[in-house]
Structure formats: C-alpha cells, structure tokens
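A look at the structure
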Amino acid sequence: MLVYFLIYAYLYGLIFFIMNTSGTKTIKRALLSVYHKDGIKHLVNCLHRLNIEIYATGGTLDFIQQAGYKVQAIEKLTGYPSILGGRVKTLHPKVFGGILARNSQPDDLEQLRKYEIPAFDLVVVDLYPFEETVKNGKSEEDIIEKIDIGGISLIRAAAKNYTDVLVVASCNQYSDLLHILNAQQGATTLEERRRFAAQAFQVSSHYDTAIFNYFNQVEAIPALRISYDESITLRYGENPHQQGWFYGRLNDMFEQLHGKEISYNNLLDIDAAIQLIDEFNDTTALAILKHNNACGMAVRSSLLEAWNAALAADPLSAFGGVIIANRTIDAVAAEAINNIFFEVIIAPKYEAAALEVLKQKKNRIILLRNNYQITGNMQYRSILNGILAQDKDLHTAHADELKIVTNREPSVGETEDMIFANKLVKHTKSNAIILVKNQQLCGSGTGQTSRVDALKQAIEKACTFGFDLQGAVMASDAFFPFPDCVEIACKAGITAVIHPGGSIKDQDSIDYCNQHEMAIVTTGIRHFKH
C-alpha cells in the first residue's frame, strides 16, 4: 500500500507542477511607451540586468538613452519617423504584429518570420493624463491632444494576447512588475499575465469613460458611463450578512484622525451630514444625525452653545449618532460632546486639546474634513434592472424668494426660523415635518406615510423633551392637501408655516391661518427625499 501511495503522490505532484508551469514564459523583448517617467529608471535597470531587449518611443526613448541604457528606437523597427506632431508613432503592423502574434499558431509565427517582425513579450504603457488636463481647466485644444491613441491601442492589443504578452498599463503597477521580474528572473505565469490584462482593460475602460463624459457634457447623449478606479472594502454592508464596498477617493474628502474602520452605515450618515451642514456655511452650526436624519441641530454664537441646543432636541436619538460641525472643535465643546456615546464626529479643524479628549474612546471615528468640493450635480440609485438618475436637489430658498400668502406677515424672527427649518426639512426623509424655534430644531417627523402622522410625531418629540412650541415655526417638504396639519400645528402653538404650496386646496389652509393669526409662506419648491 505504501508503494501505491508514493506513486500516487508523485503523479499528483507532477500533474500539479505541469499545470502550474505550462503557462510560464520568459520575457525576451519589451516595448516601453510611457508619459510619466517616475519609476521607469528602476524598471529599465531590471530589464537590462535580465538581458531583455528594449524598444521605446519618443520621450521614453530619450529618457532611457540619457540614463545610459541600450534601447532600440521604435522608428528603426517601423521604418517611419514619429509623424503628425507625435500623433502617430506605434500604429504600424511591425509593432502590433509583434504584440498580437500567437505562439500557439504556426501561421502567426511564419508571418513574423516572413515580415521580419520581432515578437514582444512585455508592453509597458502609461497614458497621456487626460483627466488631469480636464481637471486643470486647460483649453479644449490641449484636452484633445491628451487623448492617447497609440498607448490605448498598445494596451488593448497586449491585453488581448495575454497568453503570450504581459501588459503593464499604468505606472502604478511598476512595483508589482518589478517584484515578479526579480523573483522569477524575468519569467511570468499565465495567471499573472491574465491578471495584468484584466487591470489593463480596467485602465482602458476608465480612460474611455472619462473621454466620453467630457464630450457628453455638451452632447447630452442619453447614455450613462460611471467609472471609479479606487475602492474600499467595508466590514460589511447595511447588515452583517451583506458585503459592502465604497468606490471613490474618500481620502480626498477626509483625513481619519482616530477610530475604527468606517462602515457602510457610517458613510450614509456622513454623506447626509455633509449635505446638511453645507446649507449653513455663514453661521456656526452643529448637527447630530441618526439613520440619515437630523435628530438635533442648532445655530448659535459658539460651538458649545450649538452643541447644547442640538443635543436638547433629542438626547435619546443622539446616542450612537454622527456629529458634524462647520467650525473648529475647541476643548470646551469637546468636553461636553465627550459625555455621550457617538460613532463619528466631523469638523474642519480640531484644537489639540479637543483631540486629546475625543480620542479617549478607541473606536470613536474622528474625521478632519478637507477643503474639497464635491463635483457633479447628479445622483444615482440602482433599482430593478437599471439605474435611476436625477439632478441633485441644490435649491435652497432665501428670504426674498418666499411668497407670503396670508394676511399676517411673518416676523423677522419667524422668517429666519422658517429658512432654517426649510433647510432641515430638505434633508429629512419624506414625509417630513420640522419644528423650529430660535434657530433650534425642536421636533421632527421623519419618513412617515402620512403628513399628519409626521406632524404628530414632531409635536410629540418636542413635548417629550420639554420644548414650548408657542411661537415656533413648521416646515413641510411638500404641500398640505388638507387644512388638518395647520389646524394641529396651531393648537400646538405654532405661529408660522413654510411649505412649497401648490395643492388645489391651498386656500383651505390659508383661510384657517387667517382666522387664527398664523402666517404662511410658500417656496414653490418641493423637497421630497426617499
């Protein structure tokens, strides 16, 4: 039995060895055409040490020659110089034939011999910086010249023929390539070549998406292309049994100063917090959010006062929430904030003493908000077998836009509170009602199937936490189809109302308010949020 076992083990090992080495290829010839030269010298040194013949184009050729390494000009191979201001350098059968030839096809190899075409085993490309050129606000002429033609063609050809060619499509992959070359003495496996090919198509598809989106800003072709090259794998999704990812460059927006990894639900709350606080840039404001809705918010002369007022709105819901401020977190405010448990705090700056206090909880996420402006005015949501897209709700009503529809005009204080409340209701899940007094959230009704239920919820919350609603204002995300809401609000002490208007029964609500000395203003803008 031992003999049979040894024979079986030997045969199994032999089969495993053959399967894992049959796709191995040693690189003999490389083609380099890169825009960014950073890191290329180390790569060329490695190729030279491994006796790999190097061909290069234009600036890459000059760089390698100046570094003192032997290199062949691609023009020598093609018999043509770079023409049309550098637009055509590599687009030639002697280049692409050497990349696309299949070693498994005798006819391909015969044609290489017949036309004296050298086969390439490695293609290294770094594309013209199209996105960077657009971002820097260059002229259209400059932008168009940064649309890479030869480079993208080299990438696609080499990636298509990954069974025989290793393609490197970005300078970000040099370190990975160097590791393989050094560890395997210039050899690559089929698995490695396929992985690099997949990354190459990732690069090329992202590049083409950026070009299309640039043109489509004007042309408005009814097609959607979205591409993100960076991602974060989250601990889990909305629930522990779901996987989750974030695609994008989160580090552009924040520097995480402390705490555990940011979760899927944290990110949803952080996004809601950013959208809300940005409505209040001209005043000292602080908000507390839970499940994407504000459970506390206030504007005050100091951050400590804003914190105390915001927390008073609903100290129960604030537990485990997300806190955001638009001013520096000082030590005094930090001491007060530190008295409750919360998941995340966001601010544009922290005093050193404040950070010492806030870092006392090891898992608490502390985010420093960078001076980064979110670009793009579209929102997307995956549904059914497609994607919903819409413009972002960027309209914020100002005092001079309000239409007074009742006999009584609101006071200056009421108007200020209604503007405050309208900003809040815009960022609250529908159906939504917001009650405000003295620039402080007093009660909110969120995500209700009935506007009356949302109002009753808001009043109950305000009363639960000791607010006197006499002289408070009410904001609604949509119009009142019946006068029942203004009647309930009036009996609770509310004296002014802001809503979009537009119901065929608007006059019923106006009549009731006129009879009870209440003020109504309309904005003409609905703020549903689902």
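Residues numbered from 1 in each chain as written. Predicted model: local features only at pLDDT ≥ 70, side-chain atom pairs only at ≥ 80, totals over all residues. Heavy atoms only, no water.

1. Here's the deal with the overall build of the protein chain
The cut-off we apply is this: Only runs of H or I of at least four residues qualify as helices and only runs of E of at least two qualify as strands under DSSP, and these elements are numbered from the N terminus. Put simply, the radius of gyration uses C-alpha atoms, and a globule should come to 2.2 Å times the residue count raised to 0.38. Here the term buried applies to any residue with accessible area under 20% of the maximum for its type, exposed to any over 50%, and partly exposed to those in between, with areas from a 1.4 Å probe on protein chains only.
Of the regular secondary structure elements, the protein chain holds 20 helices and 23 strands. The C-alpha radius of gyration of the protein chain comes to 32 Å, more than 25% above the 24 Å expected for a compact globule of 530 residues. The principal-axis extents of the C-alpha atoms in the protein chain amount to approximately 100 × 65 × 45 Å. Going through the 530 residues of the protein chain one by one, you find that 46% of them count as buried.

2. Some thoughts on the packing of helix α5 (residues 93-100) against helix α9 (residues 150-160)
Operational definition: A fitted line through C-alpha atoms represents every axis, and for helices the fit uses only the stretch in contact; the resulting angles, taken between N-to-C directions, go from 0 to 180 degrees. Orientation categories follow fixed angle ranges, with anything under 35 degrees roughly parallel, anything over 145 roughly antiparallel, 65 to 115 roughly perpendicular, and all other angles oblique. A contact between two residues is defined here by any heavy atoms of the two lying within 4.5 Å.
Their axes nearest at 8 Å, the elements α5 and α9 cross at an angle of 30°. One way to sum up the angle between α5 and α9 is to call them roughly parallel. Where α5 approaches α9, its residues Val95, Phe96, Ile99 and Leu100 are matched on the opposing element by Gly150, Ser153, Leu154, Ala157, Ala158 and Lys160.

3. Focus: the packing of aromatic side chains
So the rule is basically this: Ring pairs are drawn from Phe, Tyr and Trp, using the six-membered ring of Trp, whenever the two centres fall within 6.5 Å, and their geometry is named by plane angle: stacked under 30 degrees, edge-to-face over 60, tilted for the rest.
Scanning the entire structure with this criterion turns up seven aromatic pairs. Relative to Tyr128, the ring of Tyr35 lies with its centre 5.9 Å away and its plane at 75°, an arrangement referred to as edge-to-face. Of this pair, Tyr35 sits in the loop between β2 (29-34) and α2 (40-49) while Tyr128 is found in the loop between β5 (122-126) and α7 (130-135), placing the two residues 93 residues apart along the sequence. According to the relative accessible area criterion, Tyr35 is partly exposed, its value standing at 34%. With a centroid separation of 5.9 Å and 85° between ring planes, the pair formed by Phe130 and Tyr214 is classed as edge-to-face. Here Phe130, found in helix α7, pairs with Tyr214, found in helix α11 (residues 190-219); they are 84 residues apart in sequence, far enough to count as distant. Judged by its relative accessible area of 2%, Phe130 is buried. Tyr214 sits in the buried class, given a relative accessible area of 14%.

4. What about helix α10 (residues 174-184)?
Stated formally: What the arc describes is the spread of directions from the helix axis to the C-beta atoms.
Among the residues making up α10, those that are buried are Tyr174, Leu177, Leu178, Ile180 and Leu181. Angularly, the buried residues of α10 cover 165° about the axis, an arc narrow enough to put them on a single face. For α10, the exposed residues set more than 90 degrees away from the buried face come down to Ser175, His179 and Ala183. In this structure, the buried side of α10 is in contact with β2, α2, β5, β6 (166-168), β7 (187-188) and α11. Trailing α10 by a residue or two, Gln185 shows a phi angle of about 55°, which is positive.

5. A look at the nonpolar core
The cut-off we apply is this: For the purposes of this section, nonpolar cores are sets of buried Ala, Val, Leu, Ile, Met, Phe, Trp, Tyr and Cys residues that join through side-chain atoms within 4.5 Å.
One finds Met297, Ile346 and Leu424 to be the most contacted residues of the largest nonpolar core, which totals 44 residues. If we ignore the near neighbours within four places in the chain, the residues touching Met297 are Leu276, Ile277, Phe280, Ala285, Leu286, Ala287, Ala310, Phe420, Leu424, Gln439, Gln440 and Leu441. Membership of the second largest hydrophobic core comes to 30 residues, among which are Val123, Ile147, Ile152 and Ala158.

6. Things to note about the environment of Gln65
Tracing the chain through its elements places Gln65 in helix α3 (residues 58-66). Once the C-alpha coordinates of Gln65 and Tyr236 are considered, the two residues, 171 residues apart in sequence, prove to be 50 Å apart.

7. A few points about unusual backbone geometry
Of note, the amide linkage connecting Ser430 to Asn431 takes the cis form, showing an omega dihedral of -10°. In this fold, Asn431 is placed in the loop between α17 (412-426) and β19 (433-436). Not every positive phi belongs to a glycine, and Asn51 is a case in point at roughly 60°. Position of Asn51 relative to the elements: it lies in the loop between α2 and β3 (53-56). The exposed category is assigned to Asn51, whose relative accessible area is 70%. Backbone geometry at Glu517 places phi at a positive 60°, although glycine is not the residue there. Tracing the sequence through the fold places Glu517 in the loop between α20 (506-515) and β23 (519-522).

8. Thoughts on the environment of Thr446
Within the secondary structure, Thr446 sits in the loop between β20 (441-445) and α18 (451-464). Note: C-alpha distance between Thr446 and Ser430 (16 residues apart in sequence) is 6.2 Å. Excluding residues that lie within four positions of it along the chain, Thr446 makes contacts with Asn293, Thr428, Lys429, Asn431 and Gln457.

9. Description of the pairing of strand β16 (residues 378-383)
The cut-off we apply is this: One bridge is not enough; two strands pair if DSSP finds at least two bridges between them.
Taken together, the six bridges between β16 and strand β17 (residues 386-391) define a ladder with antiparallel strand orientation. When the sheet's bridge partners are listed, Tyr380 is paired in β17 with Ala389. Counted between consecutive antiparallel strands, the loop separating β16 from β17 contains two residues, among which Leu384 sits at a positive phi close to 45°.

10. Brief notes about the confidence of the model for the protein chain
Going by this rule: The quantity called pLDDT is the predictor's confidence in a given residue, expressed from 0 to 100.
Per-residue confidence for the protein chain gives a mean pLDDT of 92, with 96% of residues at or over 70. Below pLDDT 50 for its whole length, residues 11-21 participates in zero contacts with residues either more than four positions away or in separate chains.

11. Description of the pattern of salt bridges
This is how it is decided: Just to be clear on terms, a salt bridge is a Lys or Arg side-chain nitrogen sitting within 4 Å of an Asp or Glu carboxyl oxygen.
All told, the structure shown has 15 salt bridges when counted by the stated rule. As a salt-bridge pair, Asp108 and Arg102 come within 2.7 Å of each other at their nearest N and O atoms. Residue Asp108 is classed as buried on the basis of its relative accessible area, which comes to 13%. Of the charged contacts in the structure, one is a salt bridge between Lys491 and Glu487, with a shortest N-O distance of 3.2 Å. Highlighted residues: Lys491 and Glu487, both in helix α19 (residues 484-492), separated by four residues, approximately one helical turn. Residue classification places Lys491 among the exposed positions, given a relative accessible area of 65%. Each of Lys25, Asp121 and Asp164 takes part in a single network of salt bridges with overlapping partners.

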